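Listed below, chain by chain, are the residues.
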Amino acid sequence: MAIQISPSILSADFAHLADEAAAVSPSADWLHVDVMDNHFVPNLTLGLPIVESLLKATDTPLDCHLMIEEPDRWAPAYAEAGAGSVTIHAKAASAPVRTLREIRRLGARAGLALNPAEAVEPYADLIGEMDMLLLMTVEPGFGGQKFLDMVLPKIRRARELLDSRDASVWLQVDGGVSAETIERAAEAGADVFVAGSAVYGAQDPSGAVESLRSLAAEASGRK
């Protein structure tokens, strides 16, 4: 599994999202879109209309992370709109298996997200229903938070669990990913990294993506 970097537009300039998407398109694998509803998390951000507009403005596939209530109701619309990946939170979903299957049926990769305090093991039986497992490395809701090292053992357990099932499931981390933290997460077993301020706070966002990729690849032994 090659290292992948997914810059988060939560840290971008919302007034110039097309330009911000273009700034990372030479090197980014995905464009991470944090959808928040001010209910599941204490913040309100982007929604389906913005995703639909972004899809017209960039060729970089969108990695939509739904931090919302009732993801079972709303997630399929993001897949239907053309998002390349749609991730729902296990804690918010009433019917995660049905919703993950519907996301896949509509042509997107299906992801399941866990908050820092949520254990991986209770969701082991869902591995076959997902394409990506997202482990939050901060409490969801706001960008710019400090990476929680307490999640590193969980990343290792998740990596062992995925490997033991011979699953081609990606292991993503989101929150506080930077040049100072990405190596620890990569060494623990993550292979997809969401980075916001570490990319969009840099003078050269595309160069920052490549720098993060190199650090993760070196730490993990992957290219």
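What this report covers is the structure whose coordinates are included nearby. Predicted, not measured: the structure shown is a model, and the values here were computed from it.

About the thresholds
- Residues numbered from 1 in each chain as written.
- Predicted model: local features only at pLDDT ≥ 70, side-chain atom pairs only at ≥ 80, totals over all residues.
- Heavy atoms only, no water.
- Pairing = 2+ DSSP bridges.
- Helix = DSSP H or I, 4+ residues; strand = E, 2+ residues; numbered from the N terminus.
- Axes fitted to C-alpha atoms, helices over the stretch in contact; angles between N-to-C directions.
- Contact = heavy atoms within 4.5 Å.
- Core = buried A, V, L, I, M, F, W, Y, C linked by side-chain atoms within 4.5 Å.
- Buried < 20%, exposed > 50% of the residue type's maximum accessible area, 1.4 Å probe, protein only.

## Observations regarding the sheet that holds strand E4 (residues 85-89)
- Taken in spatial order, the eight strands line up as E1-E8-E7-E6-E5-E4-E3-E2 in an open sheet, and their pairing is parallel. At either margin of the open sheet sits one strand with a lone partner, and together these are strand E1 (4-7) and strand E2 (31-36). Strand after strand, the sheet turns through a mean of 25 degrees between neighbouring axes, direction not considered.
- As paired strands, E2 and strand E3 (residues 62-67) are joined by six bridges and run parallel to one another. Considered in E3, the bridge of Val35 is made with Leu66.
- On the sheet, helix H3 (residues 71-81) packs against E2, E3 and E4 and is oriented at approximately 170 degrees with respect to E4.

## Observations regarding the nonpolar core
- Grouped together as the largest cluster of nonpolar side chains are 63 residues, with contacts concentrated most on Ile9, Val33, Leu66, Val86, Leu133, Ile155 and Phe193.
- At five residues, the largest contribution of residues to this core is made by helix H5 (residues 152-164).
- Residues in contact with Val86, not counting those within four places in the same chain, are Cys64, Leu66, Ala75, Tyr78, Ala79, Ile103, Ala108, Arg109, Ala110 and Gly111.
- Listed in part, the five residues of the second largest apolar core include Phe40, Val41, Met67 and Ala92.

## Examining the pairing of strand E6 (residues 132-136)
- With five of five residues buried, E6 lies mostly within the body of the structure.
- Of the two faces of E6, the one holding Met132, Leu134 and Met136 and the one holding Leu133 and Leu135 are both buried throughout.
- With four bridges joining them, strand E5 (residues 109-114) and E6 adopt parallel strand pairing. Bridge pairing in E6 links Leu112 to Leu133.
- Note: E6 against strand E7 (residues 170-174), five bridges, orientation parallel. Of the residues in E7, the one forming a bridge with Met136 is Asp174.

On their own, these measurements won't tell you what the molecule is for.
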